[in-house]
Amino acid sequence: MNYSLITGASSGIGFELSQKFAEEGHNLILISRQKNKLEQISVDLKKNYSVEVLIIPEDLSQPDSVDRIIKVLNNNSIKIDYLINNAGFYVKGNFTETSWKEEQKLIQLQCITHTKLTKLLIPDMLKTGKGGILNIASTGSFVSGPYNAVYCAVKSFVLSFSEAVAQELSGTGVSVTALCPGGTKTAFQQYDKKKRSLLFPLMSASDVAKAGYKALMSGKRLAVPGMMNKIQTTLIQYLPRKLATRLAGLAVNH
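Because the structure is predicted, anything quoted here is derived from the model rather than measured. (Residues numbered from 1 in each chain as written. Predicted model: local features only at pLDDT ≥ 70, side-chain atom pairs only at ≥ 80, totals over all residues. Heavy atoms only, no water.)

Glancing now at the pairing of strand β4 (residues 79-85). Across the 7 residues that make up β4, a large majority, 6, are buried. As judged from the 5 bridges shared by strand β1 (residues 2-7) and β4, these two strands associate in the parallel manner. Each residue of the ladder has a partner; that of Y3, found in β4, is I80. Where the polypeptide runs from β4 across helix α4 (residues 100-128) and back to strand β5 (residues 131-136), its parallel neighbour, the crossover connection is right-handed. (Buried < 20%, exposed > 50% of the residue type's maximum accessible area, 1.4 Å probe, protein only. Helix = DSSP H or I, 4+ residues; strand = E, 2+ residues; numbered from the N terminus. Pairing = 2+ DSSP bridges. Right-handed = clockwise from strand over helix to strand, strands pointing away.)

What follows is the structure in structure tokens.
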């Protein structure tokens, strides 16, 4: 039986993506650290949409998490049609003062765990000539981010990786989409909420998820939801990098 696998499915964009995929009839593998939330989400999705749901409680910032996930999939003879690399968290502050432990987890999650999942799940998609990967990047992928140094760096990795693999897979029937949302109303979007909402209106997680699903299913390589986000990410590419970095720092730390 084929499934769609969503990481970080217990809240925010991941939760809304699980709702959207279930609504469209996809069987689901839901992954998050929060077992209780996953269990309740699973019950609701089965009841509301009559789909199969398997939960895998895992902390994806742990180096051996992918091996345990693959073992569960193999033991249940599960093939993945769509992989949604959504799990993430936010580290904000002056780099000399932020927690290395948290930043190391962020790098492990965004740059290693999600890349390894992609590496191991693509072969079965290629055998069938269909499927896709949705990687959640950010508007921060387009600029170096003072006071968001590691976060923006790993999101830049996600965007670059996604576009490169998408080109390699051209013509195979398997697509890779980078979704780059800006400020979104989620659990980890609590910092400077008032300032951010005045500068760039926050999108709902539901709207971001719908945009991501549509982009994935249409085979788009890049999706930036929201008109203000599109304008921002377009203009930033025409600025000198030093100026763009300075403006990014001012926007966060003003």
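A full pass over the atoms with the stated rule returns 7 salt bridges. For E58, the salt bridge goes to R68, with nearest N and O atoms at 2.6 Å. Residue E58 is located in the loop between β3 (53-57) and α3 (65-75), and its partner R68 is located in helix α3; the two are separated by 10 residues in the primary sequence. With a relative accessible area of 10%, E58 lands in the buried category. Its relative accessible area of 34% is what places R68 among the partly exposed residues. We note a salt bridge from K79 to D124, for which the minimum N-O separation is 3.4 Å. Taken together, the residues span a long stretch of sequence, with K79 in strand β4 and D124 in helix α4 at a distance of 45 residues. Under the relative-accessibility criterion, K79 is labelled partly exposed at 40%. Taken together, the shared-partner salt bridges in this structure form one network comprising E58, D64 and R68. (Salt bridge = Lys/Arg side-chain N within 4 Å of Asp/Glu carboxyl O.)

This paragraph deals with the layout of surface pockets. Quantified by volume, the second largest pocket comes out at close to 170 Å³. Around the second largest pocket, the lining residues are T115, T118, K119, I122, P123, F161, V165, E168 and L169. Mapped by element, the contributors of at least two residues to the lining of the second largest pocket are α4 and α5 (149-168). Among the elements that take part in the lining of the second largest pocket, α4 stands out by supplying 5 residues, more than any other. When grouped by side-chain class, the residues that make up the lining of the second largest pocket number 5 nonpolar, 2 polar and 2 charged. (1 Å grid on protein atoms, 1.4 Å probe; cavity = no way out; pocket = protein on both sides within 12 Å on 5 of 7 lines; lining within 4 Å. Points joined across faces, edges and corners; volume = space filled by probe spheres on them. Nonpolar A, V, L, I, M, F, W, Y, C, P; charged D, E, K, R; others polar.)

Let's shift gears to unusual backbone geometry. The phi torsion at S50 lies on the positive side, around 55 degrees, for a residue other than glycine. Looking at the secondary structure, you find S50 in the loop between α2 (35-49) and β3. One non-glycine residue with positive phi stands out, namely Y147, at about 70 degrees. Note on placement: Y147 falls in the loop between β5 and α5.

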